[in-house]
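The chain contents come next:
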Amino acid sequence: MAKKLIVANWKMNGSIAKIEHDLSVYKTNALTNSPNVVFALPMPYLYQTIDLGAGFGVACQDISQFCGFGAYTGEISAAMLLEFNVKYTLVGHSERRAAIGEDNSLLAKKLENLISVGITPILCIGEPRSIRDSGKYQGFLIDQLSLLTSLNVEVLELVIAYEPIWAIGTGKTPTIEEITEIVNLIHSFVQKTSAHAKILVLYGGSVTGKNIADILHIPEIAGVLVGGASLKVDEFTAICTEA
Ligand code: PGA
């Protein structure tokens with residue numbers, strides 16, 4: 001069985017000292033020093049991380065909508081990330097959708113830019129509590145997924161992370177049945193709309209050392225996206241041990 005993909009999303013956390021300490025620990029453990037373990041760190045620490053020469057993967061948390069190089073002050077392009085051996089990049093995390101107003105048309109450009117240089121996007125989707133309670137969450141998630149049908153790419157290969165907003169950082173997680181329903185929904189949507197696409201589906205939202213085993217047992221789940229728990233070395237190591 002293929003190893004599960006474990007992606008650590010450090011968000012706006014970390015320091016030179018923390019990166020040096022934590023990543024050195026992960027480098028010396030065969031379970032974490034593995035390409036199926038991926039760290040999405042803040043951009044300034046990218047070079048320091050690559051310089052460690054470790055076996056785990058490196059990701060970014062966002063990417064510019066603009067491609068290549070040029071007069072776009074403050075932006076960082078997919079072509080630049082490629083030079084740092086970045087394998088994955090998060091796109092459309094709910095914190096960015098909410099705080100920065102990222103919408104499907106902007107996210108489509110980011111996906112196209114990443115795919116065009118060979119970096120695998122991790123597209124995050126997820127509904128707020130009010131939509132879950134209204135029972136209309138399937139339509140809400142399909143709307144977020146619909147941008148995939150508008151992409152101008154030759155080959156569609158990506159990771160899709162289902163992260164219900166009400167589960168992020170709250171300690172509340174959906175039931176295994178609820179996660180399974182959405183994993184199946186994502187697979188069937190992609191199968192119907194782009195049969196040749198290759199996708200992996202992750203779950204994210206309050207993943208811990210305690211619930212990881214049950215989540216990874218869900219059929220068709222390819223791994224997890226871990227926020228808060230990825231900042232604690234012991235807990236994140238326990239999560240990777242289950243993969
Ligand atoms: P959490 O965050 O694990 O702290 O809930 C997950 C995420 O936002 O990706």
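See above for the structure.
Residues numbered from 1 in each chain as written. Predicted model: local features only at pLDDT ≥ 70, side-chain atom pairs only at ≥ 80, totals over all residues. Heavy atoms only, no water.

Turning our attention to the overall build of the chain. Scanning the chain from N- to C-terminus turns up 10 helices and eight strands. Relative to its length of 243 residues, the chain is compact, with a C-alpha radius of gyration of 17 Å against a globular reference of 18 Å. In terms of overall dimensions, the chain has a C-alpha envelope of 45 × 45 × 35 Å along the principal axes. Out of the 243 residues in the chain, the part that is buried amounts to 49%. Counting contacts in the chain only where the partners sit at least 6 residues apart, residues at least 24 apart contribute 68% of the total. (Helix = DSSP H or I, 4+ residues; strand = E, 2+ residues; numbered from the N terminus. Rg over C-alpha atoms; globule rule 2.2 N^0.38 Å. Buried < 20%, exposed > 50% of the residue type's maximum accessible area, 1.4 Å probe, protein only. Contact = heavy atoms within 4.5 Å.)

What follows deals with helix 1 (residues 16–27). An ideal rise of 1.5 Å per residue puts 16 Å on 12 residues; helix 1 measures up with 16 Å between its terminal C-alpha atoms. Listing the buried residues of helix 1 in full gives Ile19, Asp22, Leu23 and Tyr26. Angular distribution of buried residues about the axis of helix 1 spans 90°; they occupy a single face of the element. Those residues of helix 1 that are buried are in contact with strand 2 (37–40), helix 2 (46–51) and helix 10 (233–242). (Expected span 1.5 Å × (residues − 1). Arc of directions from axis to C-beta.)

Inspection of the entire model under this criterion finds seven aromatic pairs. Their ring planes at 10° and their centres at 4.0 Å tell us that Phe66 and Tyr72 sit as a pair that is stacked. Taking relative accessible area as the criterion, Tyr72 reaches 37% and is therefore assigned partly exposed. An aromatic cluster is built from Tyr26, Phe39, Phe56 and Phe236, whose rings are joined through pairwise contacts. (Phe/Tyr/Trp six-rings, centres within 6.5 Å; stacked < 30°, edge-to-face > 60°.)

Near the ligand, the surroundings consist of 13 residues, among which Lys11, His93, Glu163, Gly169 and Ser206 are the closest. At a separation of 2.7 Å, an oxygen atom of the ligand approaches a polar side-chain atom of His93. Here Glu163 contributes a side-chain N or O atom positioned 2.7 Å from an oxygen atom of the ligand. When the free accessible area of the ligand is taken as 280 Å², the share hidden by the protein chains comes to 95%. For the shell around the ligand, the per-class residue count stands at four nonpolar, seven polar and two charged. (Near = heavy atom within 4 Å. Polar contact = N/O pair within 3.5 Å; in protein donor to acceptor, adjacent residues only side chain to side chain. Areas by Shrake-Rupley, 256 points an atom, 1.4 Å probe, with all protein chains shown as cover. Nonpolar A, V, L, I, M, F, W, Y, C, P; charged D, E, K, R; others polar.)

Turning our eyes to something else, we now look at unusual backbone geometry. In this model, Lys11 sits at a positive phi of 50°, which is unusual for a non-glycine residue. The topology assignment puts Lys11 in the loop between strand 1 (5–9) and helix 1. Phi at Ser206 is positive, roughly 55°, even though this residue is not glycine. With respect to the helices and strands, Ser206 occurs in the loop between strand 7 (198–204) and helix 9 (212–216). Residue classification places Ser206 among the buried residues on the basis of a relative accessible area of 17%.

For the rest of this paragraph, the subject is the environment of Leu46. Here Leu46 shows up in helix 2. Measuring from C-alpha to C-alpha, the distance between Leu46 and Tyr88 comes to 13 Å, with 42 residues separating the pair along the chain. Setting aside chain neighbours within four positions, we find Leu46 in contact with Val58, Cys60, Leu81, Phe84 and Val86.

Our focus in this paragraph is the side chain of Thr49. Note on placement: Thr49 falls in helix 2. On the basis of relative accessibility, which here comes to 2%, the residue Thr49 falls in the buried class. Those residues within four positions of Thr49 in sequence are excluded, and the remaining contacts are Ile19, Leu23, Leu41, Phe56 and Val58.

Here we come to the state of the cysteines. Evaluated as defined, the whole model comprises zero disulfides. The cysteine Cys67 is free of any disulfide, with Cys60 supplying the nearest cysteine sulfur at 17 Å. Taking the relative accessible area as the measure of exposure, Cys67 reaches 53% and is therefore exposed. Between Cys124, a cysteine without a disulfide, and Cys60, which holds the nearest cysteine sulfur, the sulfur-to-sulfur distance is 14 Å. Taking relative accessible area as the criterion, Cys124 reaches 1% and is therefore assigned buried. (Disulfide = S-S within 2.5 Å.)

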